[in-house]
Structures are given as structure tokens and as C-alpha cells.
Amino acid sequence: MDKQLQEFLETDVKAFNVKGSGGAYLSMVKAGSGTSIRLSKEATKKLKNPTQLSIGFKDAYLVICNASGLDVDAYKGNFKDGQTKIYNTNLVDAVIKEFNLDFSGKTSISFGTGYYKQQGRTVLYVKLA
């Protein structure tokens, strides 16, 4: 019986793949009351409480790092209560377009698949596609 259950779970059930203490690395919000990208508390801590963030993409991943002290284009983040939020409608719209995200019937989407990589400083890769 256990073997049948295991086979069922492995072949017929799509498991949830979540990381981090809050279940996600980041959330995107697109609502009439505001538009933002919100890093989880864990991601904010790993990126050393950033207030300047480099945000781009590579393949299916949104790539984010603390841009403080770097000579790169950066977005202003608001650090409060252990979390960083970036309020920038144009940025959110560009990410939605790049990754073809569907906000039909919802105002936020959380993303829990990704990883951290050391590249001189910690860089967060979050899978969006």
C-alpha cells in the first residue's frame, strides 16, 4: 500500500516547492492601492537589509542583489520591519511583461523557487517563469 501511495505522489501529484521561512523569496503586488516587489524577511536579511537594489533577469530568473556601493542602475527599496519593499509601477509592469505573469483575479503573486549565490556578495535568483 505504501508503495502505491509513493508512486502516486511521485507521478500524479505536483508537489509544492517553497523555500524560506515565509514560504517565498518575494511577492509582487499589483493593485489599485499600490504596486510593489516585496522581499521576504529572510531574503532581506540574506541581502543585508538593502535600500538600493540591482534587479534584472537571466533566463527564467529574476536576479536581485544589494546594490549599495556599486556603480550600477539600482532601484530604491524601503527597509522596514525586517523587510524590503520596492514601490515602482514601471518596474513591476516590466517584470510582469518579461515573465508573462498573469494577475487575473488576484493582486499578488508569491514566488518560492530560487536560490542564493555568492558572486562577491549574495545574489538572489528567483524563478518566475
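This structure is a prediction, so every number in the text was calculated from the model and none was measured.

Enquirer: Whenever I open this one, the sheet that holds strand β10 (residues 122–127) confuses me. Can you help?
Expert: Within a sheet, each strand pairs with its neighbour through backbone hydrogen bonds, oriented either parallel or antiparallel. Read across the open sheet, the five strands follow the order β5-β3-β4-β10-β9; overall the sheet is antiparallel. With one partner strand each, in any of the chains shown, β5 (75–76) and β9 (114–118) form the two edges of the open sheet. Of the pairings in the sheet, the one linking strand β4 (residues 61–66) to β10 comprises five bridges and is antiparallel in character. The partner of leucine 62 across the bridge, within β10, is valine 126.

Enquirer: When you look at the pattern of salt bridges in this model, what are you seeing that I'm missing?
Expert: Two side chains carrying opposite charge are able to pair once their charged atoms lie near each other. The final tally for this structure, using the stated rule, is one salt bridge. Put simply, aspartate 93 and lysine 30 hold a salt bridge, and the shortest N to O gap is 2.7 Å. Separated by 63 residues along the polypeptide, aspartate 93 in helix α3 (residues 89–99) and lysine 30 in strand β1 (residues 26–31) bring together distant segments of the chain. By relative accessible area, which is 31% here, aspartate 93 ends up partly exposed. According to the relative accessible area criterion, lysine 30 is partly exposed, its value standing at 32%.

Reading the values: rules and limits
- The residue count restarts for each chain, going from 1 along the sequence in the order it is written.
- Only residues with pLDDT of 70 or above have their local features reported here, since the model is predicted, and side-chain atom pairs are shown and tallied only from 80 upward, although totals for entire chains, interfaces and linings are computed over all residues.
- Remark: hydrogens and water are excluded; side-chain values derive from all non-hydrogen atoms of the structure.
- In this scheme, strands are said to pair when DSSP sees at least two bridges between them.
- Numbering of helices and strands starts at the N terminus; helices are DSSP runs of H or I of at least 4 residues and strands are runs of E of at least 2.
- By definition here, a salt bridge exists when the distance from a side-chain nitrogen of Lys or Arg to a carboxyl oxygen of Asp or Glu is within 4 Å.
- Buried residues are those whose accessible area, probed at 1.4 Å on protein chains only, stays under 20% of the maximum for their type, while exposed residues exceed 50% and partly exposed ones sit between those limits.

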